[in-house]
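Chain residues, written in single-letter form:
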Amino acid sequence: MITTRTYTFSRLEIWLPIIWLAAVISMAAPGLLWWMTQSLLQVPLTIVGGLLIFTIPGLATLRWLYPVPLLWFERLALATSLSCVVMPILLLFSELIGWRWHSGAAWILLAVLAVVAFWPPQPYRLATYSHRHLIGWIVVSLTIAALAVRLFVVRTLPVGLFGDSYHHTVITQLLIDHGGLFHSWQPYAPAITFTYHYAFHAMAAWWHWLTGISAAQGVILVGQVMNGLAVPLLYLLTARLTHSRLTGVWAALVVGFLSFYPAYYVNWGRYTQLAGQTVLPAAAIAWMTLIDRALQPHRSWHDLRKPLFLACLTSAGLALSHYRVAVLAICFVIAYAIVSVGLRTPLRWQILLRLGAVGAIGALGAVLLASPWLWRVQQGQITRLASALLNTSAETSNPIALETIGAAFHAGLFPFATLGLASLLWRRQSSGIVLVVWAVLAWLVANPQLLGLNGQGMITAFTVLIGAYLAIAPAAGAGWFILMRSLAWLLPVNWRHNVGTIITTQLVAGLAILGWGTHMQATILDPAYQLATPADLAAAQWIKTNLPEDAAIYVNGFPAYGGYVYAGNDGGWWLSFLTGRRTNLLPMAVGFEAVDPPDTLRNIAQLNQSIQQHPIGSAEAATALRANGFTFLYNGPAANPANEYLDPGQIDQSPYYEVIYRQDGVSIWRIR
């Protein structure tokens, strides 16, 4: 078997791959390195603030709650996931004492956490230039490259893409304005509860308090940072599962540069699911550590204290991050526990009893930590909607688009994932069995009708498929690792057992894959999902200057989720946020909240239906608009979906409207 444990590297051998990495990326994404240099000079505080908020809280937590030794880069990777747990939980408990956050308090908190993380200083051993050191720099380099590409992609976006980005921005702004959690959504919506999972928005708000970035930019930046953090976190999860750091490196390369997901999330603004999947690796590792220790007879309950609390903490963090991803994480913990118990022989009943007790305590602890938030949740509409879904007939179908399955295995991942999974199962590695059991459980949770159970729709098949990279990347990473090991046997005999040659071969292959993947990732942004364009922002400024504050503007909208809420087709959806003027649309997340008056959503649906049942150019449409208090129409250059109600051709020819603004695809009319 090929091993690299005794091979050491010079500084030059470590820096050469990094230099080649920079060269490959600069060729695959022209302009990226120049943009990075400019960004470092123009927005250093934003960069430093983001680096601190995603590392210091997690490092402080690890210092006191994770007793397992970690290499420096693995500790840093795990800290990024834990930071997305700690900061939202701090926001939750600060509300209980009435504390409101601002810039000064945020910096003081970060300073305290830094002291907790680094003082007193721990003994430090100088690292040798072993293969582990090289792996560390490779993982760090891949992470920086992935982050750079993802941020480069969104460098010109004024606001996030598609519908979800709108309510994410509104929620982030409300967190900023209130200095923490809130109840009222005014002035953006008549909602009186806030029960939407908020960990993603909390990180954007913290970044604002540290650096002053806007809510809109915070949503984009946090989303893309979490997107890039899939690289070190999938390395960590894979290395922990397979006990192979090289397999983890290949998994990191796969998820960062070959996988369609999570990179494509930027087009949907599907950032809260991404936040949950950023927390999931920390929760998985915490529970794996706890289960492993609970199954070791020589371990005392004292040895389980820190892992148990960390498991409670990360599980509570998942509840604040994304409700559906929390269920998928439970599936992982169950899968790991089943496999760990099944492969461990002999197993005394006392150990099984202790494992059950540990699991129950961990679940109870997570519920207690999250209880202030869970109390909030029952005040909104989420529990009612969940109850309705639980009563959904088992005969209801769960349609699955073939293109979604294809996208999950984009760039030829299927054969490598199959090869990797087969190799893990052939070698009887528990990781292969865990991945299979996890996938089966997740699919059954999303499709309970397969078992004759109700509840289809609680977790959609779409949610599982776009999050499947969490299992596909480790399997594909194992496939690439096995392929590289097999190719090594094609080398001349005198090279075959030269570890340096084997590693160099893998580095060259990895750089080639990375170059191709970088080009794909750099072009992943789809302009069709951009609702609010620079032209819309310019028009919004014009509206703020030229239209009265009480102006009511009718914008393009269509019924979504079976007509439960109305969504926007273009940048008009953003006008309430950008200008403070009333429109006919609300943020979609308001559908999860209690509203005042209670029939607000039904009234909005009826309002839009009463207008849109008539052609926009007709006298009936103009009469209905005036009857509902609207004085202006707005049509932006974007159109997704394309069949917009406001047709500029009809409106221009109608005697009931007067165009007062037209520029770069934006048209605004006064209703006569």
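That block above? That's the structure.
On a predicted model such as this, the values are computed, not experimentally measured, just so you know.

Across its full length, the chain carries 30 helices and seven strands. Against the compact-globule benchmark of 26 Å for 672 residues, the chain has a radius of gyration of 26 Å, which places it among compact chains. Taking the principal axes of the C-alpha coordinates as reference, the chain spans close to 85 × 55 × 55 Å. Counting all 672 residues of the chain, 57% fall into the buried class. Taking the contacts inside the chain whose residues are at least 6 apart along the sequence as the reference set, 79% of them involve residues at least 24 apart. Accessible area of the chain: about 28,000 Å², with a carbon and sulfur share of 66%.

So, on to the pattern of salt bridges. Any two side chains of opposite charge can pair, on the condition that their charged atoms come close. For the structure shown, the criterion picks out six salt bridges. Salt-bridge contacts for arginine 376 lead to glutamate 95; the nearest nitrogen and oxygen are separated by 2.6 Å. Linking arginine 376 in helix 17 (residues 349–377) with glutamate 95 in helix 5 (residues 72–96), this pair joins segments that are 281 residues apart in sequence. By the burial criterion, arginine 376 is buried, and glutamate 95 matches it.

Inspection of the secondary structure assignment puts threonine 247 in helix 12 (residues 245–258). Look at threonine 247 and you get buried, because its relative accessible area is 4%.

Once that is clear, we can look at helix 26 (residues 534–546). Given 3.6 residues per helical turn, the α-helix brings residues three or four places apart onto the same face. Taking 1.5 Å of rise per residue, 13 residues should cover 18 Å, and helix 26 covers 18 Å from first to last C-alpha, within 8% of that figure. In this structure, the buried residues of helix 26 make contact with strand 1 (552–554), helix 27 (575–579), strand 5 (632–635), strand 6 (657–663) and strand 7 (666–671).

Let's shift gears to the environment of histidine 208. By the secondary structure assignment, histidine 208 is in helix 9 (residues 199–211). For histidine 208 and alanine 357, which are 149 residues apart along the polypeptide, the C-alpha to C-alpha distance reads 42 Å. Apart from residues no more than four positions distant in its own chain, histidine 208 is found in contact with Ile176 and Ile213.

What follows is about the nonpolar core. Counting residues in each nonpolar core, the largest one holds 209 residues, and the members touching the most others are Phe54, Trp185, Trp206 and Tyr261. Here this core gets 15 residues from one element, more than from any other, and that element is helix 14 (residues 271–294). Ignoring any residue separated from it by four or fewer positions in sequence, one finds tyrosine 261 in contact with Val255, Trp268, Thr404, Ala407, Ala408, Leu465, Ile466 and Tyr469. Membership of the second largest hydrophobic core comes to 17 residues, among which are Tyr554, Leu607, Phe630 and Ile671.

This next bit is on the packing of helix 11 (residues 230–242) against helix 12. Direction vectors running N to C along helix 11 and helix 12 enclose 145°, while the axes themselves pass 7 Å from each other. Every pair of crossing elements has a handedness; the one defined by helix 11 and helix 12 is right-handed. Contacts from Ala230, Val231, Leu234, Tyr235, Thr238, Ala239 and Thr242 in helix 11 reach Arg245, Thr247, Gly248, Val249, Ala251, Ala252, Val255 and Gly256 in helix 12. Across the contact of helix 11 with helix 12, the residue classes break down as nine nonpolar, five polar and one charged.

Here five strands make up an open sheet; going across it, the order is 4-1-5-7-6 and the pairing mixed. The open sheet has two edge strands, strand 4 (582–583) and strand 6, and neither has a second partner. Where strand 1 and strand 5 come together, two bridges link them in parallel fashion. Bridge pairing in strand 5 places tyrosine 554 opposite leucine 633.

Quick look at the packing of helix 4 (residues 56–65) against helix 5 now. Running from N to C, helix 4 and helix 5 cross one another at 105°; their axes reach a closest spacing of 6 Å. As summarised for this structure, helix 4 and helix 5 are arranged roughly perpendicular, according to the angle between their axes. Here helix 4 contributes Ile56, Pro57, Gly58, Leu59, Thr61, Leu62 and Arg63 to the contact with helix 5, which in turn contributes Arg75, Leu76, Leu78, Ala79, Leu82, Ser83, Val86 and Met87. A breakdown of the residues in the contact of helix 4 with helix 5 according to their chemical character gives 10 nonpolar, three polar and two charged.

The subject of this paragraph is helix 3 (residues 44–53). Along helix 3, the positions that sit buried rather than exposed are Thr46, Gly49, Gly50 and Ile53. Down the axis, helix 3 shows its buried residues gathered within 100° of arc, on one side only. Buried residues in helix 3 make contact with helix 4, helix 5, helix 6 (103–118), helix 9 and helix 10 (215–228).

Per the counting criterion, the structure on display carries 37 aromatic pairs. Look at phenylalanine 194 and tryptophan 373: their rings are 5.7 Å apart centre to centre, the planes differ by 75°, and that puts the pair in the edge-to-face class. Here phenylalanine 194, found in the loop between helix 8 (162–178) and helix 9, pairs with tryptophan 373, found in helix 17; they are 179 residues apart in sequence, far enough to count as distant. Its relative accessible area of 1% is what places phenylalanine 194 among the buried residues. Between tyrosine 264 and tyrosine 529, the aromatic rings sit 6.3 Å apart at their centres with planes inclined by 90°, giving edge-to-face as the arrangement.

This part takes up the pairing of strand 6. Regular strands show a simple pattern: their side chains alternate between the two faces of the sheet. When strand 6 meets strand 7, the two strands line up antiparallel, connected through six bridges. Paired with arginine 662 across the strands is serine 667, a residue of strand 7. Once strand 6 ends, the chain turns through two residues before running back antiparallel as strand 7, passing aspartate 664 with a positive phi of about 50°.

Turning next to unusual backbone geometry. Cis geometry is found at the peptide bond from tryptophan 119 to proline 120, where omega equals 0°. Topologically, proline 120 is positioned in the loop between helix 6 and helix 7 (131–153). Each neighbour pair has its own omega, and for aspartate 596 with proline 597 the value is 5°, a cis peptide bond. The backbone of tyrosine 561 shows a phi angle near 50°, a positive value even though the residue is not glycine.

Reading guide: rules and limits
Residues numbered from 1 in each chain as written. Predicted model: local features only at pLDDT ≥ 70, side-chain atom pairs only at ≥ 80, totals over all residues. Heavy atoms only, no water. Helix = DSSP H or I, 4+ residues; strand = E, 2+ residues; numbered from the N terminus. Rg over C-alpha atoms; globule rule 2.2 N^0.38 Å. Buried < 20%, exposed > 50% of the residue type's maximum accessible area, 1.4 Å probe, protein only. Contact = heavy atoms within 4.5 Å. Areas by Shrake-Rupley, 256 points an atom, 1.4 Å probe, with all protein chains shown as cover. Salt bridge = Lys/Arg side-chain N within 4 Å of Asp/Glu carboxyl O. Expected span 1.5 Å × (residues − 1). Core = buried A, V, L, I, M, F, W, Y, C linked by side-chain atoms within 4.5 Å. Axes fitted to C-alpha atoms, helices over the stretch in contact; angles between N-to-C directions. Left-handed = near helix turned anticlockwise from the far one by under 90°. Nonpolar A, V, L, I, M, F, W, Y, C, P; charged D, E, K, R; others polar. Pairing = 2+ DSSP bridges. Parallel < 35°, antiparallel > 145°, perpendicular 65-115°, else oblique. Arc of directions from axis to C-beta. Phe/Tyr/Trp six-rings, centres within 6.5 Å; stacked < 30°, edge-to-face > 60°.

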